[in-house]
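Coordinate inspection notes
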Amino acid sequence: MAYEFKLPDLGEGLTEGEIARWLVAEGQELAEDDLRVVRVAADEGVSTLPAGRLDDLVGRVAATDLAPGTLLSEKQLLAEGQRAVGDGEAVVGTLLAPADSPDTLPRGARVQVIVRPATGSVDGTMETIRGWILDVASAEQAAGGGRKVSLVVPADSAETVAAGASEKRVSVVVLGGS
């Protein structure tokens, strides 16, 4: 399939960049056949990804829908190693005490979220839920010696994690391979 792009004659400033060949949905990982190299005329203010970066782009995740012919820029892609929240997942905010997590909580890390039983709970059962870390607030943003962490968990477990977080009953364990 041939693509024709009608661009105004801007003179100097021709560059090669990457475009989306067909619709790439938000949250979808880019594959090599999703991309195509084109030569475009771009002013200084136009952000493009150089054509030589194809290998760096494969495997990255679209932060927004990319229509066919979209000239790619960094703003349209999630940072390397970052992933999008999927269907069936929910983001839960937590404020973790220093003893409730390791010192290092990398974004994107796979974790076990431990929800301790509520005070006075009859059964005293802990719940363990698999998830991953979406974001970690900086030390300056933390309140009262805690650390704000956005956890992604299965949607059907979000209520349990949120209730535990509101009562400071949540701990996070980073799993190997993260």
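Cut-offs used in this document
Residues numbered from 1 in each chain as written. Predicted model: local features only at pLDDT ≥ 70, side-chain atom pairs only at ≥ 80, totals over all residues. Heavy atoms only, no water. Core = buried A, V, L, I, M, F, W, Y, C linked by side-chain atoms within 4.5 Å. Buried < 20%, exposed > 50% of the residue type's maximum accessible area, 1.4 Å probe, protein only. Helix = DSSP H or I, 4+ residues; strand = E, 2+ residues; numbered from the N terminus. Contact = heavy atoms within 4.5 Å. Pairing = 2+ DSSP bridges. Axes fitted to C-alpha atoms, helices over the stretch in contact; angles between N-to-C directions. Arc of directions from axis to C-beta.

Here's the deal with the nonpolar core
Grouped together as the largest cluster of nonpolar side chains are 19 residues, with contacts concentrated most on Leu 105, Val 113, Ile 133, Val 149, Leu 151, Val 153 and Val 161. Among the secondary structure elements, those contributing two or more residues to this core are β3 (89-96), β4 (110-115), β5 (127-136), β6 (147-154), α2 (158-166) and β7 (170-174). If near-sequence neighbours (up to four positions away) are discounted, Val 149 is found in contact with Val 92, Gly 93, Thr 94, Leu 96, Leu 105, Ile 133, Asp 135 and Val 136. In this structure, Ala 20, Leu 30, Leu 49 and Leu 54 belong to the second largest nonpolar core, which totals eleven residues.

As for the sheet that holds β4
Strand pairing in a sheet relies on backbone hydrogen bonds. The paired strands run either parallel or antiparallel. Taken together, the five strands give an open sheet; going across it, the order is β3-β6-β5-β4-β7, and neighbouring strands pair in antiparallel fashion. A strand with exactly one partner marks an edge of an open sheet, and here the two such strands are β3 and β7. Pairs of neighbouring strands in the sheet enclose a mean axial angle of 40°, with direction left out of account. Here four bridges tie β5 to β6, and the two strands are oriented antiparallel to one another. Bridge pairing in β6 links Asp 135 to Ser 150. The sheet contacts of α2 involve β3, β4, β5, β6 and β7, and relative to β3 the element is tilted by about 15°.

Looking at α2
Those residues of α2 that sit buried are Ala 158, Val 161, Gly 164 and Ala 165. Taken around the axis of α2, the buried residues stretch over an arc of 135°, which confines them to a single face. Facing away from the buried side of α2 by more than 90 degrees, the exposed set consists of Glu 159 and Ser 166. Lys 168 lies just past α2 and shows a positive phi near 55°.

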